[in-house]
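# Coordinate inspection notes
Single-letter residue listing:
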Amino acid sequence: QVQLAESGGGLVQAGGSLRLSCAVSGIAFSIVGMAWYRQAPGKQRELVASITSGGVTNYADSVKGRFTISREYAKNTAYLQMNNLRPEDTAVYYCKIPTSWGQGTQVTVSS
């Protein structure tokens, strides 16, 4: 059974940083693409960043230059490093592979 377990969310002041982790089990991590989405209150879920099995990355315009998606193959884990956080980054962040979603982790940025 495929499982995605997010961690690393929390409360941070504007300008601060957080690193989200997504531990993957039940699938060949090395051949699957990964993505991070987020959903703010009253907003639709949006794609934040993605990374292919070959390491090619893509980012939403709103996070370019501030967020970095990566993967550590030896640990079957994907990461989202978030720097210079803004209040508008406040949302539940979800890890995703093509067939499954994680449960989400809350990120709250105070001003």
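Refer to the structure above for everything that follows.
Here is a short report on the structure shown in this document. (Residues numbered from 1 in each chain as written. Predicted model: local features only at pLDDT ≥ 70, side-chain atom pairs only at ≥ 80, totals over all residues. Heavy atoms only, no water.)

Here, the word disulfide means a covalent bond between the sulfur atoms of two cysteines. A complete count under the given rule lists 1 disulfide for this structure. Note on cysteine connectivity: C22 is disulfide-linked to C95, with sulfurs 2.0 Å apart. The chirality of the disulfide connecting C22 with C95 is left-handed, given an S-S dihedral of about -85 degrees. On the criterion of sequence distance, the pair formed by C22 in strand β3 (residues 18-25) and C95 in strand β9 (residues 91-97) is long-range, its members being 73 residues apart. Judged by its relative accessible area of 0%, C22 falls in the buried class. (Disulfide = S-S within 2.5 Å. Helix = DSSP H or I, 4+ residues; strand = E, 2+ residues; numbered from the N terminus. Buried < 20%, exposed > 50% of the residue type's maximum accessible area, 1.4 Å probe, protein only.)

Our focus in this paragraph is the nonpolar core. Counting residues in hydrophobic clusters, the biggest one holds 28 residues, and the most contacted among them are C22, M34, W36, F67, L80, M82 and Y93. Going through the elements one at a time, β3, β4 (34-39), β5 (46-51), β7 (67-72), β8 (77-82), β9 and β11 (105-110) are the ones with two or more residues in this core. The contact partners of Y93, leaving out residues within four places of it in the chain, are E6, L20, W36, Y37, R38, V48, F67, L80, M82, G104, T105 and V107. (Core = buried A, V, L, I, M, F, W, Y, C linked by side-chain atoms within 4.5 Å. Contact = heavy atoms within 4.5 Å.)

Moving on to the sheet that holds β8. Pairing within the open sheet is antiparallel, and its 4 strands lie in the order β1-β3-β8-β7. Edge strands, defined here as strands with exactly one partner in the open sheet, are β1 (3-7) and β7. Put simply, the sheet's adjacent strands are angled 15 degrees from each other on average, direction ignored. Note that β3 and β8 share 6 bridges and pair antiparallel. When the bridges of β8 are listed, R19 appears paired with Q81. (Pairing = 2+ DSSP bridges. Axes fitted to C-alpha atoms, helices over the stretch in contact; angles between N-to-C directions.)

Moving on, we come to the environment of A5. Tracing the backbone through its elements, the reader meets A5 in strand β1. Remark: the alpha-carbon pair of A5 and S21, spanning 16 residues in sequence, is separated by 7.9 Å. Excluding residues within four positions of it along the chain, A5 makes contact with S21, C22 and A23.

On to the pattern of salt bridges, then. As enumerated under the stated definition, the model contains 4 salt bridges in all. Its salt-bridge partner being D61, residue K64 comes within 3.2 Å of it at the nearest N-O pair. The exposure class of K64 is partly exposed, given its relative accessible area of 48%. What you see here is one network of salt bridges that share partners, running through R38, E46, R66 and D89. (Salt bridge = Lys/Arg side-chain N within 4 Å of Asp/Glu carboxyl O.)

Geometry only, nothing functional implied.
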